Amino acid sequence: MTSTALRSRAWKLLEMVTTPLLPSDYLDLVSPLRAGADLRGRIEAVHAETRDAATIVIRPGRGWRGHTAGQYVRIGVDVDGVRLWRAYSLTSPANRQDGRVTITVKAIPDGKVSNHLVRRAKPGTLIQLDQATGDFVLPEVKPAKVLYLTAGSGITPVMGMLRDTEFDDVVMVHCAPQPQDVIFRSELHDLAADKKLRLTEVHTDTDGMLDIAAADKKLRLTEVHTDTDGMLDIARLDELVPDWAERETWACGPAGMLDAAERHWSEHGVPERLHTERFRPSVVVAGDGGEVTFSTTGKTVDADGATPLLEVGEEAGVLMPSGCRMGICFGCVTPLKAGAVRDLRTGEITEAEPGVLIQTCVSAAAGPCDIEQ
Amino acid sequence: MTAIDPTAHLTAEQIEELGRELDAIRDEVIAGRGEKDAAYIRKVISAQRKLELVSRGVLLFSLFPPAWLIGTAGLSVAKIMDNMEIGHNILHGQWDWMRDPKIHSTTWEWDHVSPADQWKHSHNELHHTYTNVIGKDNDLGYGIMRVDEDQKWHPFHLGQPLWNFINACFFEYGIAAYDLELGKNLHKRRRKNPEFRAQAKAVGRKIRKQVLKDYVIHPLLSGPSFLPTLAATFTANLVRNIWSHSVIMCGHFPEGVQVFERRSIKGETRGQWYLRQMMGSANISGSKAMHFMTGNLSHQIEHHLFPDLPSNRYAEVAVKVRALFEKYELEYVTGPLPKQVFSAWRKVFRLSLPNKKPKVKTPAREQELVAA
């Protein structure tokens, strides 16, 4: 018998001992980061970056397969006892010696997870991890000229790239409200101050731009401070980076900026040079009633904001699981794939996230939603 | 059932007001659920697993009498924790709000021969919705006993003190049988129903796994301690069964608890549903440890009002609920465990005989409801 077969037999025997639990339920008590466990990480340190951003240093479990600079990772964090999943760009270089990874988080207003991570996360806390993913990465063959166009926390995937790979000619245009809001500002300036790079800082009073530029250097950094300067007008890119169209560009920031960039690059016939990363694909606006999709059955119906989704589904001929029909037995719970629902008892809104199950007998549509049934 | 309806003094408006006050209590707890509650259930789960592991480890040397005693006691407590404070409450969805797939009513499985999904149907859906409604709630005497004067007497009930004792000793099997609705489904015509057959198979698989673990593998691993370990796991299961049977008997059987006619719940409002839960349940008083070991089912009244609130919150909810009982002049049935167990058993004995007096008529409130 091979050793693998022997091990799988031993595991089977263990399962017979631990039933109805699994051996891993017991192993998790002592070694939650071991190989073979569900992928988790432990927060080892939290470093403040700006007044509303922090870098979280994470020791990933043994199952972590590493990442490529520019990728993001989904993490599950318990906020007020509720597990919430969010995606954050990895800001550590892929080859970090100590095996730890970092994400850098900017607290957004009303952001449950971001505010928790920036202000309340404690070293030692276990979090859930997914493998790194995303195609906002550098190509295998180094492009000769690179432009990074970023705004706000959009700087995070680019920082991962900057720390990972050195290019011969890099220009970076970054927008932030004020100088003190620029995440990694001192490190960016250090990079530019590196003896290989020479940096000239120019405050352009006339057009209201703060321009830190290096004329013939490897890295040129332009900061746009949107509080004083107004939003970056993409047409002004010509003046900031005259050769932008020749550069392989990675852009990350708010949807408005990325939309403008995509139009601009298309209009100039170089859309293939632009790579974008969008952080928040869509914002759910909770309404009253809406179009309900039962995606497994493939049915779509209009529902008002007062009829339980269980009844909406049954009316539409969807085979809905059901029980007490009054919100106590949890026999009707069904995954909410997209959109938002309102609890008819408390008025509480629940938005779709992976793993969110709703009680269809006491939930009504709060805007368009997708029920997996 | 008592001759006088103990809720007759309440007007329809008062009942709805009572319902609103109970809703407010529920909303307050839900708004305050958070990190501390999550930490509580994780701590309990972790403690249970460690206790079970250590106890089973000690039992590997159960040939040595002190090891047998310690291991058996530990395993009994671990099994009770698994079934009561952890399993019962997680399967109620009390912890679903945490969105942790490992502590969720849809994924949890417990140390019990009845598979979680079947138990959830018969318990959460039937028992909690139709609490104490004769003919609808199978928990009322589990279909083998007469626990209220309003239930028809049959000579079979003469043996019910014995049936109840046997049920207590093998309670988990009793529950599995009644989750399967064996009494009904063993009829010739129903026996071949594919749904019943699939469920029966699932129970069979669960029993096999449980028996293999407790009565074959663990004793075998104990080597020379094979027989003492076998006796230990049997004892732990027995202790767990008798304990949970006693706690659950105290929830609905003691004197003072009301039962309801099937037709009385037609068109029942939220307030009336709450009132039925209040009158159909009984609490057990005692220490914190006592509440914990009953899985907080000692707060049976609060649990029936709010079956999906986290169990660690029932104690604080009980203070407010009890104040409402006083405000609305209702009887809050409670007492220490021995008293309540005795009361329930006395009823089992008493009702094994036919009623002495002619059967009491339906109380006034219910007649009003039917008329309305």
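Being a predicted model, the structure only gives us computed values, none of them experimental.

J.: I'd like a description of the overall build of chain A, backed by residues and values.
T.: Looking only at helices and strands, chain A has 9 helices and 19 strands in total. For chain A, the proportion of its 373 residues judged to be buried stands at 38%. Counting only contacts in chain A whose residues sit at least 6 apart along the sequence, the fraction spanning at least 24 positions is 62%.

J.: So what's going on with the overall build of chain B? Which residues, and what values?
T.: Helix and strand counts for chain B come out as 16 helices and 0 strands. Taking 21 Å as the expected radius of gyration for a compact globule of 372 residues, we find that chain B reaches 21 Å, a close match to that expectation. Principal axes of the C-alpha set define a box for chain B whose edges measure 70 × 50 × 40 Å. Sorting the 372 residues of chain B into buried and exposed places 44% on the buried side.

J.: Before we move on, could you go through the domain arrangement of chain A and cite the residues and values that matter?
T.: You can read the domains of chain A as domain 1 (1-30), domain 2 (38-129), domain 3 (146-277) and domain 4 (290-371). Between domain 1 of chain A and domain 2 of chain A, the C-alpha centre-to-centre distance is 31 Å.

J.: Tell me about the interface of chain B and chain A, and name the residues and values.
T.: Taken together, the contact between chain B and chain A spans 36 residues of the former and 24 residues of the latter. Elements that contribute at least two residues to the side of chain B that touches chain A include exactly helix H1 (12-32), helix H2 (35-59), helix H4 (116-129) and helix H9 (194-221) of chain B. Among the elements that take part in the side of chain B that touches chain A, H2(B) stands out by supplying 7 residues, more than any other. Class assignment of the residues belonging to the side of chain B that touches chain A gives a composition of 10 nonpolar, 10 polar and 16 charged.

J.: Kindly report on helix H1 (residues 3-18) of chain A, identifying the contributing residues and their values.
T.: With 16 residues, H1(A) ought to run about 22 Å at 1.5 Å a step, and its terminal C-alpha atoms sit 22 Å apart, in line with that. Buried residues are scarce in H1(A), accounting for 0 of its 16 residues.

J.: Which residues make up the environment of A:Val182, and what values go with them?
T.: Residue position: A:Val182 is located in the loop between strand S8 (170-176) and helix H5 (185-193). Sequence separation between A:Val182 and A:Leu129 is 53 residues, and the spatial gap between their C-alpha atoms is 27 Å.

J.: Can you break down the packing of helix H2 (residues 23-30) of chain A against H2(B) residue by residue, with the values?
T.: The contact between H2(A) and H2(B) brings their axes to 11 Å, and the two run at 105°. It follows that H2(A) is roughly perpendicular to H2(B) by the angle criterion. Across the interface between the two elements, A:Asp25, A:Tyr26 and A:Leu29 of H2(A) pack against B:Ser46, B:Arg49, B:Lys50 and B:Leu53 of H2(B). Residue classes in the contact of H2(A) with H2(B) are distributed as 3 nonpolar, 1 polar and 3 charged.

J.: Just give me the short version of the pairing of strand S6 (residues 126-129) of chain A, but keep the residues and values in it.
T.: As a general feature of sheets, a regular strand has side chains that alternate between the two faces. Residue and element names in this part refer to chain A. Across 3 bridges, the pairing between strand S1 (residues 40-50) and S6 is antiparallel. The residue of S6 that forms the bridge with Gly-41 is Ile-127. Here strand S3 (residues 72-79) pairs with S6 via 2 bridges, running antiparallel. Pairing of Ile-75 across the sheet is with Leu-129, part of S6.

J.: Quick one: what's the story with the sheet that holds S3(A), residue by residue and with numbers?
T.: Residues and elements named next belong to chain A. If you trace the 6 strands from one edge of the open sheet to the other, you get S4-S3-S6-S1-S2-S5, paired in antiparallel fashion. Across the chains shown, the open sheet's two edge strands, defined by having one partner strand only, are strand S4 (82-89) and strand S5 (101-106). Going across the sheet, the axis of each strand differs from the next one's by a mean of 40°, ignoring polarity. Examined bridge by bridge, S1 and strand S2 (residues 53-60) share 8 bridges and lie antiparallel to one another. Across the sheet, the residue bridging to Gly-41 is Pro-60, located in S2. Along the sheet, helix H3 (residues 112-120) makes contact with S2, S3, S4 and S5, crossing S3 at roughly 85°.

J.: An account of the nonpolar core is needed here, citing residue identities and associated values.
T.: Side chains of nonpolar character tend, in soluble globular proteins, to be buried together. Formed by 57 residues in total, the largest nonpolar core has its most connected members in A:Val73, A:Val105, A:Leu117, A:Tyr148, A:Val158 and A:Ala261. Two domains each put at least three residues into this core: domain 2 (38-129) and domain 3 (146-277) of chain A. Aside from chain neighbours lying at most four places away, what touches A:Tyr148 is A:Val158, A:Val170, A:Met172 and A:Trp250. The next biggest cluster of nonpolar side chains, apart from the first, holds 51 residues, and it includes B:Ile80, B:Met145, B:Tyr178 and B:Met249.

J.: Outline the confidence of the model for chain A, supporting the account with residue identities and numerical values.
T.: Confidence in the prediction for chain A averages 85 pLDDT; 88% of positions are at 70 or higher. Here residues 195-217 of chain A is modelled with pLDDT under 50, and outside its nearest four sequence neighbours on either side it reaches 41 contacts, counting other chains as well.

J.: Go over H4(B) with me, naming the residues and quoting the values.
T.: Residue and element names in this part refer to chain B. The terminal C-alpha atoms of H4 lie 18 Å apart, and with 14 residues this matches the ideal 20 Å at 1.5 Å per residue to within 8%. Regarding H4, the residues found buried are Trp-119, Lys-120, His-123, Asn-124, Leu-126, His-127, His-128 and Thr-129. In this fold, the buried residues of H4 make contact with helix H3 (65-91), helix H6 (171-179) and helix H13 (300-305).

Basis of the calculations
- Every residue gets a number counted from 1 within its own chain, in the order that chain's sequence is written.
- A letter from A marks each chain and a number from 1 marks each ligand, given out in the order of writing.
- Since the coordinates come from a predicted model, pLDDT governs what is reported: local features require at least 70, and pairs of side-chain atoms require 80 or more to be given and counted, while whole-chain, interface and lining totals use all residues.
- The way it works is that DSSP assigns letters per residue, a run of H or I at least four long becomes a helix, a run of E at least two long becomes a strand, and they are numbered from the N terminus.
- Working definition of burial: number of other C-beta atoms within 10 Å of the residue's own, with buried at 20 or more, exposed at 12 or fewer, and partly exposed in between, all C-beta atoms being placed from the backbone.
- This entry defines residue contacts through backbone-placed C-beta atoms, with two residues in contact when those atoms are within 7 Å.
- The reference for a compact globule is 2.2 Å times residues^0.38; the radius of gyration itself is calculated from the C-alpha atoms.
- Throughout, the edges of the domains are those of an automatic or database domain assignment.
- Polar here means any residue other than Ala, Val, Leu, Ile, Met, Phe, Trp, Tyr, Cys and Pro, which are nonpolar, and Asp, Glu, Lys and Arg, which are charged; Gly is therefore polar.
- Between the first and last residue of a helix there are one fewer steps than residues, each counted as 1.5 Å, and that sum is the expected span.
- Between the N-to-C directions of two axes lies an angle of 0 to 180 degrees, each axis being a line fitted to C-alpha atoms and, for a helix, fitted only over the stretch in contact.
- When describing relative orientation, an angle under 35 degrees is termed roughly parallel and one over 145 degrees roughly antiparallel, while 65 to 115 degrees is termed roughly perpendicular and anything else oblique.
- For two strands to be treated as a pair, DSSP must find at least two bridges joining them.
- Throughout this description, the term nonpolar core refers to a group of buried Ala, Val, Leu, Ile, Met, Phe, Trp, Tyr and Cys residues whose C-beta atoms join them within 7 Å.
- On a scale of 0 to 100, pLDDT captures the predictor's confidence in every residue.

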